[in-house]
Amino acid sequence: STTYTYRVSASNASGASGTTPEVSATTQASSGGGGTNLLEAEDASYVNGSESNASYASNGKYVDGNGSFNITWNYNSASSITGATMKFAIASPSGTRKLGVFVNNTKVGTVETTVPRGSWDIISITADLQAGNNAIELRDTENASEPDVDYVEIETTGGGGGPSNQAPTADAGT
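What you are looking at is a predicted structure, and each value in this text was computed from that prediction instead of being measured. Each chain carries its own residue numbering, running from 1 in the written order of its sequence. Predicted model: local features are reported for residues with pLDDT of at least 70 only, side-chain atom pairs are reported and counted for 80 or more only, and whole-chain, interface and lining totals are derived from all residues. Each side-chain value is derived from all of the structure's non-hydrogen atoms; neither hydrogens nor water enter the calculation.

Caption draft 1: Expanded view of the overall build of the protein chain. In this description a helix means any DSSP run of H or I spanning at least four residues, a strand means any run of E spanning at least two, and both kinds are numbered starting from the N terminus. Assigned secondary structure in the protein chain consists of 0 helices and 14 strands. For the protein chain, the sequential pattern of α-helices and β-strands runs β-β-β-β-β-β-β-β-β-β-β-β-β-β. Partly exposed residues are those whose accessible area sits between 20% and 50% of the maximum for their type, while under 20% is buried and over 50% is exposed, using a 1.4 Å probe and protein chains only. Looking at the protein chain as a whole, 38% of its 174 residues qualify as buried. Across the protein chain, every contact between residues at least 6 apart in sequence was considered, and the portion connecting residues at least 24 apart equals 70%. Contacts are assigned to residue pairs that have any heavy atoms within 4.5 Å of one another.

Next comes the structure, spelled out in structure tokens:
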């Protein structure tokens, strides 16, 4: 982690202001050994789906996929990661539901479930992530009806340490 300390002053045609007290902000520490990041479906970009409320969803919401459904999460990695585990929480309104899994436009697997709406099937897919932005997608490529999607949880080991766009925490100072 890195701590930054700030003092602010301003000036205009009327003169200069006083200087504020010091304020510090600390970035998230990189564990070096990886980490876990939960990306909610309702915060992702999706086509042919709708946001639904449910007490059993991780954040009280999930995305209900419809015909030609596609959902994309953007994950910003501080470095390239070999073998990141992506855990998708999906459910089936009825029957068997499945979607193709893509990372940066390359198909890396398929998720399939028969677990009924009201609980979640957690399906793991392992893939490599590049340094910087990664597009993680579930696409309607399997000729099956689309599932409900709650989240993707990304587990990294060895190099990534999580997203590089973590907001710093601030200490108001005295």
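Caption draft 2: Structural view of the nonpolar core. Residues grouped as a nonpolar core are buried Ala, Val, Leu, Ile, Met, Phe, Trp, Tyr and Cys residues, joined through side-chain atoms within 4.5 Å. Core analysis: the biggest nonpolar cluster contains 26 residues, and I71, W73, M86, F88, V111, I136 and L138 have the highest contact counts within it. Those elements that place two or more of their residues in this core are strand 7 (61–77), strand 8 (81–91), strand 9 (97–103), strand 11 (121–129), strand 12 (132–139) and strand 13 (148–157). Discounting chain neighbours no more than four positions away, the residues touching W73 are L39, E40, A41, A44, F88, N134, A135, I136, L138, V149, Y151 and V152. In terms of nonpolar packing, the next biggest core, distinct from the first, is built from 7 residues, A57, Y62, A91 and W120 among them.

Caption draft 3: Representation of unusual backbone geometry in the model. Residues other than glycine seldom take positive phi values, yet S68 does so here, at roughly 60 degrees. Locating S68 in the fold gives a position in strand 7. Of note in the backbone geometry, N105 takes a positive phi value of approximately 75 degrees without being a glycine. Its place among the elements puts N105 in the loop between strand 9 and strand 10 (106–113). On the basis of relative accessibility, which here comes to 58%, the residue N105 falls in the exposed class.

Caption draft 4: Just the packing of aromatic side chains, in detail. Aromatic rings from Phe, Tyr and Trp, with only the six-membered ring used for Trp, were paired whenever their centres fell within 6.5 Å, and each pair was classed as stacked if the ring planes differed by under 30 degrees, edge-to-face if by over 60, and tilted otherwise. Following the criterion strictly, the structure yields 4 aromatic pairs and no others. With a centroid separation of 5.7 Å and an interplanar angle of 65 degrees, the aromatic rings of Y62 and W120 are classed as edge-to-face. Of this pair, Y62 sits in strand 7 while W120 sits in the loop between strand 10 and strand 11; the two residues are 58 residues apart in sequence, bridging distant segments of the chain. With respect to burial, Y62 and W120 carry one shared label: buried. Looking at R139, its charged tip hangs above the ring of F102, at a distance of 3.8 Å from the centre. Placement of a charge over a ring requires the Lys NZ or Arg CZ to be within 6 Å of the ring centre, with the centre-to-atom vector within 35 degrees of the ring normal.

Caption draft 5: Molecular detail of the environment of V108. Looking at where V108 falls in the secondary structure, it is placed in strand 10. V108 sits 20 residues away from D128 along the chain, and the two C-alpha atoms are 9.2 Å apart. Those residues within four positions of V108 in sequence are excluded, and the remaining contacts are M86, V101, F102, V103, I125 and A127.

Caption draft 6: The arrangement of the pattern of salt bridges in detail. Salt bridges are defined by distance alone: a side-chain nitrogen of Lys or Arg within 4 Å of a carboxyl oxygen of Asp or Glu. Counting across every chain of the model gives 6 salt bridges. Of the charged contacts in the structure, one is a salt bridge between E155 and K87, with a shortest N-O distance of 3.1 Å. Taken together, the positions of E155 in strand 13 and K87 in strand 8 put the pair 68 residues apart, joining distant regions of the chain. Two residues, E137 and R139, come together in a salt bridge whose shortest N-O distance is 2.9 Å. Residue E137 shares its accessibility class with R139, and that shared class is buried.

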